[in-house]
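Tertiary structure, described
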Amino acid sequence: MEPNTPLRRSFVSSDDQTVIVCPNCKFVKPLSVSQFRDRKHILQIKCKCGHTFKVQLEFRRYIRKKVDLEGECDLDSTKGEKWKVTLVDISFGGVCLELDILHNFKVGEQVAQLGDMSSVK
Ligand SMILES: [Zn+2]
């Protein structure tokens, strides 16, 4: 046993493929990990040589998803007024909005009451 073996990282490509390398025998195993996408996951791997080790899957930090959603928003700086927005991009880090007004967003500005979001998948 190797109790202090550091967790190995395995980087996952955009098509959900990764390659696991056994630290013992160097056997290379391609693996499809689409079911683990969008969350961190530690896999317990048992190699054909009998060696067992853990691999941490590293997905891209922010995965952007192109969307095209209409909604309404209510900006902090223009209280009470509703603006039509189109949501074009969603990621864990935030969203990308297109507004039909000119508005200089400040970093951290809250956008409230986004409506019609039920079709987000
Ligand atoms: Zn092995």
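About the cut-offs
Residues numbered from 1 in each chain as written. Predicted model: local features only at pLDDT ≥ 70, side-chain atom pairs only at ≥ 80, totals over all residues. Helix = DSSP H or I, 4+ residues; strand = E, 2+ residues; numbered from the N terminus. Buried ≥ 20, exposed ≤ 12 C-beta atoms within 10 Å, placed from the backbone. Contact = placed C-beta atoms within 7 Å. Pairing = 2+ DSSP bridges. Axes fitted to C-alpha atoms, helices over the stretch in contact; angles between N-to-C directions. pLDDT = per-residue confidence, 0-100.

1. As for the overall build of the protein
- Counting secondary structure elements, the protein contains 0 helices and 9 strands.
- When the helices and strands of the protein are listed from N to C terminus, the series reads β-β-β-β-β-β-β-β-β.
- Relative to its full complement of 121 residues, the protein shows a buried share of 7%.
- Sequence-distant contacts in the protein: of pairs separated by 6 or more residues, those separated by 24 or more amount to 45%.

2. Looking at the environment of Arg9
- Mapped onto the elements of the fold, Arg9 is located in strand E1 (residues 8–11).
- Accessibility expressed as a C-beta count within 10 Å gives 10 for Arg9, which makes it exposed.
- Those residues within four positions of Arg9 in sequence are excluded, and the remaining contacts are Gln56 and Glu58.

3. Examining the pairing of strand E5 (residues 52–58)
- As defined by bridge partners, E1 adjoins E5 across 4 bridges and the pair is classed as parallel. Note on E5: the bridge partner recorded for Arg8 is Val55.
- Judged from the 6 bridges that link them, strand E4 (residues 41–46) and E5 form a sheet pairing that is antiparallel. Looking across to E5, one finds that Lys46 is bridged to Thr52.

4. Regarding the sheet that holds E1
- The strand order across the open sheet formed by 3 strands is E1-E5-E4, and the pairing between neighbours is mixed. Two strands lie at the open edges of the sheet, namely E1 and E4, each paired on one side alone. Each strand axis lies, on average, 40° off the axis of its neighbour in the sheet, ignoring direction.

5. Here's the deal with the pairing of strand E3 (residues 28–32)
- Taken across its 5 residues, E3 has 0 buried, putting it largely on the surface.
- As defined by bridge partners, strand E2 (residues 17–21) adjoins E3 across 5 bridges and the pair is classed as antiparallel. Each residue of the ladder has a partner; that of Gln17, found in E3, is Ser32.

6. Some remarks on the confidence of the model for the protein
- With 52% of its residues at a pLDDT of at least 70, the protein reaches an overall mean of 72.
- Of all secondary-structure elements in the protein, the lowest mean pLDDT belongs to strand E9 (residues 111–112), at 56, while E4 reaches the highest, 89.
- Note that pLDDT drops below 50 for residues 117–121; the model gives that stretch 5 contacts with residues more than four away or on any other chain.

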